[in-house]
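Chains, contacts and geometry: an overview
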Amino acid sequence: MSLGALPTSEDVLDAARRLHGHVLRTPVLRNDALDEVAGAKLWFKCENLQVTGSFKIRGATNRLLQLSPEERKNGVVAFSSGNHAQGVARAAKNFRMPALIVMPSDAPAIKVEGVRRDGAEIRLYDRDSESREEIAAEETKKRGATLVPSFDDPYIIAGQGSAGVEFGQQMRDANTPLDHIICCAGGGGLITGLALGYRHFDPDVAIWTAEPEAHDDWRRSLAADRIEVNAPGTRSICDAILTPSPGDLTWALGRDSLAGGCAVGDNQIEEAMRLAFRHLKLVVEPGGAAALACALFDLPEAAKGKSVGVVLSGGNVDPAQYARIFAG
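Conventions adopted
- Residues numbered from 1 in each chain as written.
- Predicted model: local features only at pLDDT ≥ 70, side-chain atom pairs only at ≥ 80, totals over all residues.
- Heavy atoms only, no water.
- Phe/Tyr/Trp six-rings, centres within 6.5 Å; stacked < 30°, edge-to-face > 60°.
- Helix = DSSP H or I, 4+ residues; strand = E, 2+ residues; numbered from the N terminus.
- Buried < 20%, exposed > 50% of the residue type's maximum accessible area, 1.4 Å probe, protein only.
- Lys NZ or Arg CZ within 6 Å of the ring centre and 35° of its normal.
- Salt bridge = Lys/Arg side-chain N within 4 Å of Asp/Glu carboxyl O.

Some points on the packing of aromatic side chains
Applying the stated rule across the entire model yields four aromatic pairs. When the ring of Phe277 is compared with that of Phe326, the centres are 5.3 Å apart and the planes differ by 85°; the resulting orientation is edge-to-face. With Phe277 in helix H13 (residues 266-280) and Phe326 in helix H15 (residues 319-327), the pair connects residues that are 49 residues apart, well separated along the chain. Classification of Phe326 as partly exposed rests on a relative accessible area of 32%. Three or more aromatic residues link up through ring pairs in this structure, and these residues are Phe277, Tyr322 and Phe326. Here the basic side chain of Arg30 rests over the ring of Trp43, its NZ or CZ set 5.2 Å away from the ring centre. The positively charged end of Arg72 is found above the aromatic ring belonging to Phe95, 5.1 Å away from the centroid.

Some words on unusual backbone geometry
The residue Arg96 is not glycine, and still its phi comes out positive at about 60°. Within the secondary structure, Arg96 is located in the loop between helix H5 (83-94) and strand S4 (99-104).

Overview of the pattern of salt bridges
Opposite charge on two side chains permits them to pair, given that their charged atoms come into close proximity. Per the counting criterion, the structure on display carries 28 salt bridges. Salt bridges here are not isolated pairs; linked through shared partners, they connect Asp216, Arg219, Arg220, Arg226 and Glu228.

Honestly, it's all geometry; don't read function into it.
Take a look at the structure:
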């Protein structure tokens, strides 16, 4: 598979086999109380319990496993608000490679600490006045390193898709096919990879994006059948999924394979975080709770009364923010 190619279901299955022993097989949970709120039977894929606290370790590890010995020696560069940063930092540590992560100065402290703990170098930047892409490109050239994108890379997409392979296997073992899946969408690496992986087991499942209302580029793009861009400076508490627009590769995969988009307000995402703790005993970060919030408060009409998979994509929430949300 070349870097410009679109990954296939077979590429995702290969990645799942390659990642065996490098990542966790995360559990699938159920809860009757949340079913009542949603009006559907929900099945939760708990990637918030993954190594480094999110699905991002899957794609990062799969990408770094492609590097030659010389490329490993020169290390990697990545840019991320946190979860991809932690995934790349941990994968680089596991393979004894140097890593530089370009992170926004307002990234959650828990994510910055996670990157530092794994030994990666950090370059902070200002979201409003600096370009993370330009900084990363300059550092990559200077170091002779390999740039590891957060989503628009076929090996990243295939690696994230290993979560869909697991989910498909788990639902097959439970003898319970899903009618729908709701998954957060930032750049789109997880949801498009998951679609490739899960549809190996069930090609008829309908897959929906989950986003904050103020940052719903995937929902608008799917409705218009063209890439829509979020207005500069648009904010949400969902820092993990605030990308400007779908990526080129992810849009090419998602435009025909995704059923549509759901979106909820930040207050509904906060309520989903509280409900996840109360009923599932899980800590889920805002971006990781977007799919749960959409299942509870913006479930597509076609999914009501059906079996719905919900991907809880991350759990790296800043403790002070988490305490504020529970106090509110």
